[in-house]
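# Geometric and topological summary
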Amino acid sequence: MAPVNLLVQTMKNGAASRWFDWDFQESVVSDILRDPKCVQFPLADLYVTKFVKLYLEELEKVGAEDISEGLVEALASATRTTQGDMPQSCFKTFQLSESGDDTISIHVHQAFNEVGLTTWQAGFFLADWILQNPDMFRLKRCVELGSGVGFTGLVLLSTHPKQTVLTDYAPRVMKNLRENVQANGYVIHKSYDDPVDQVAQPAQPDSELIVDVLDWLQVDEMEDCGYHPDIVLAADVVYDKELASHLVKVLEKLLQQPQQPFAYIASTIRNEETYNFFLECVDKARIHREDVTHTVKNETTFTYDDRSSIQLLKLSKPDSS
């Protein structure tokens, strides 16, 4: 969903002189708050509270005489569960196209100490770039590192890769990732907790979907990571200096393969020292890097903060033979 101020402004612009009348208010309740998608994947109560409050404030400014009981009931219901603004879990739904026909919904936890249980800016940035270049991924074998809630991975699946491998590590994150993928109608061909194929049919025709555990700290003990991708993707995985060298070792194993794959890493640079250390590790591993941030178009599908601090790197391992 869009930020509440943008959503209310869009309603006002689209409905012109009707946005404050009773019938339009009722349509807001039925088409937004009680939309089947929002019933199946409930919005955060805090989001509903902020949205309805802002809309009611706008109605009050123009002296609207009739107020929909549905709006008042929605506000009362949401407010009861948001006292104290305690962290909560909720669903977020995103449109992949202007028509609104293609959407994805993900379960997130509003506890930001849980890195893999919420969405991050670089994930939106990478997802925008994926949607701008769908042919790059169609019928390719793709591996995502640090899949988290599965947002970027679900966007990737919409481009129809030949194989998609979504990876992370923490048990709670893995459970949420798997459930988000399944909630969006994808069938997991192979899962970390059930290595035997679960069904005869894969996620999409001529494609395979795998959800797997990948522990970066154990990569030294592996001959390879078990995957043979054409493309490796990751977003907001460079946040801990202690993990940076392990991440690069994973990338090195994935990139040093006969098919000469590429990796695309989107990072929000919050700490220059940590990010520079990651780049040093990349250079020491003799991984070629290229800043391709400029290739991401300004037109965005998703709404997120200023992207000036986000960088997209293209990585490859030159053939040493």
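Structural notes, computed from the coordinates.

## As for the overall build of the chain
Tallying secondary structure elements over the chain gives 10 helices and 10 strands in all. Looking at the chain residue by residue over its 321 residues, the buried ones come to 47%. In the chain, once contacts between residues fewer than 6 apart in sequence are set aside, the share between residues at least 24 apart is 68%. Entry remark: accessible area of the chain is about 16,200 Å², with carbon and sulfur atoms responsible for 49%.

## Here we look at helix α8 (residues 171–183)
The end-to-end C-alpha separation of α8 is 18 Å, in line with the 18 Å expected for 13 residues at 1.5 Å each. Listed as buried for α8 are Val173, Met174, Asn176, Leu177, Arg178, Asn180 and Val181. Buried residues along α8 sit in contact with β2 (103–109), α7 (151–157), β4 (163–168), β5 (190–191) and β6 (208–213). Remark: glycine 185 follows α8 within two positions and exhibits a positive phi of approximately 90°.

## Let's talk about the side chain of threonine 167
Tracing the chain through its elements places threonine 167 in strand β4. Here the side chain of threonine 167 touches glutamate 144 through a polar contact of 2.8 Å, landing on its backbone oxygen.

## Looking at the packing of helix α2 (residues 22–33) against helix α4 (residues 45–61)
At a minimum axis separation of 13 Å, α2 and α4 run at an interaxial angle of 165°. Comparing the axis directions of α2 and α4 gives the class roughly antiparallel. Here α2 runs over α4; the crossing is right-handed. Here Phe24, Gln25, Val28, Ile32 and Leu33 of α2 come into contact with α4, specifically with Val48, Phe51, Val52, Tyr55 and Leu59.

## Some details on the sheet that holds strand β10 (residues 310–316)
Reading across the sheet, the 8 strands line up as β5-β6-β4-β3-β7-β8-β10-β9 and stay open at both edges, with mixed pairing between neighbours. The open sheet has two free edges, formed respectively by β5 and β9 (288–291), since each of these has just one partner strand. Inspection of the sheet shows strand β8 (residues 262–268) paired to β10 by 7 bridges, in the antiparallel sense. In the sheet register, phenylalanine 262 faces β10, and the bridge partner there is serine 316. Set on the sheet, helix α9 (residues 241–255) makes contact with β3 (141–145), β7 (231–235), β8 and β10; between it and β3 the angle comes to about 175°.

## Focus: the side chain of glutamine 257
Its location among the elements puts glutamine 257 in the loop between α9 and β8. Non-local contacts of glutamine 257, meaning those with residues more than four positions away in its chain, are made with Tyr227, His228 and Pro229.

## Description of the environment of phenylalanine 278
The residue phenylalanine 278 is located in helix α10 (residues 272–284) in this model. With relative accessibility at 0%, the residue phenylalanine 278 sits in the buried group. Along the sequence, phenylalanine 278 and aspartate 240 sit 38 residues apart, while their C-alpha atoms lie 9.3 Å from each other. Apart from the residues lying within four places of it in its own chain, the contact partners of phenylalanine 278 are Val238, Ala244, Leu247, Val248, Leu251 and Leu313.

## Comments concerning unusual backbone geometry
The backbone phi angle of aspartate 236 is positive, close to 50°, even though this residue is not glycine. Along the chain, aspartate 236 falls in the loop between β7 and α9. Aspartate 236 sits in the buried class, given a relative accessible area of 7%. Within the chain, arginine 286 stands out as a residue other than glycine whose phi angle is a positive 55°.

## Remarks on the pairing of β4
Within β4, 6 of the 6 residues are buried, which leaves the element mostly enclosed by the surrounding structure. A two-sided burial pattern is seen for β4, the buried positions comprising Gln163, Val165 and Thr167 on one face and Thr164, Leu166 and Asp168 on the other. Handedness of the crossover joining β3 and β4 through α7 is recorded here as right-handed. Note: β4 against β6, 6 bridges, orientation parallel. Bridging from a neighbouring strand, threonine 164 pairs with leucine 209 of β6.

## Details of the pattern of salt bridges
Scanning all chains against the criterion turns up 11 salt bridges. One salt bridge in this structure joins glutamate 58 and lysine 12, with 2.8 Å as the shortest N-O distance. Of this pair, glutamate 58 sits in helix α4 while lysine 12 sits in helix α1 (residues 4–15), and the two are 46 residues apart along the sequence. Overall, the relative accessible area of 12% leaves glutamate 58 in the buried class. Between glutamate 252 and lysine 317 there is a salt bridge, with its nearest N and O atoms 3.6 Å apart. With glutamate 252 in helix α9 and lysine 317 in the segment after β10, this residue pair connects regions lying 65 residues apart in the sequence. Via salt bridges that share partners, Lys12, Glu58 and Lys61 belong to a single interconnected network.

Definitions and limits used
- Residues numbered from 1 in each chain as written.
- Predicted model: local features only at pLDDT ≥ 70, side-chain atom pairs only at ≥ 80, totals over all residues.
- Heavy atoms only, no water.
- Helix = DSSP H or I, 4+ residues; strand = E, 2+ residues; numbered from the N terminus.
- Buried < 20%, exposed > 50% of the residue type's maximum accessible area, 1.4 Å probe, protein only.
- Contact = heavy atoms within 4.5 Å.
- Areas by Shrake-Rupley, 256 points an atom, 1.4 Å probe, with all protein chains shown as cover.
- Expected span 1.5 Å × (residues − 1).
- Polar contact = N/O pair within 3.5 Å; in protein donor to acceptor, adjacent residues only side chain to side chain.
- Axes fitted to C-alpha atoms, helices over the stretch in contact; angles between N-to-C directions.
- Parallel < 35°, antiparallel > 145°, perpendicular 65-115°, else oblique.
- Left-handed = near helix turned anticlockwise from the far one by under 90°.
- Pairing = 2+ DSSP bridges.
- Right-handed = clockwise from strand over helix to strand, strands pointing away.
- Salt bridge = Lys/Arg side-chain N within 4 Å of Asp/Glu carboxyl O.

Limitation: the analysis is restricted to geometry and does not speak to function.
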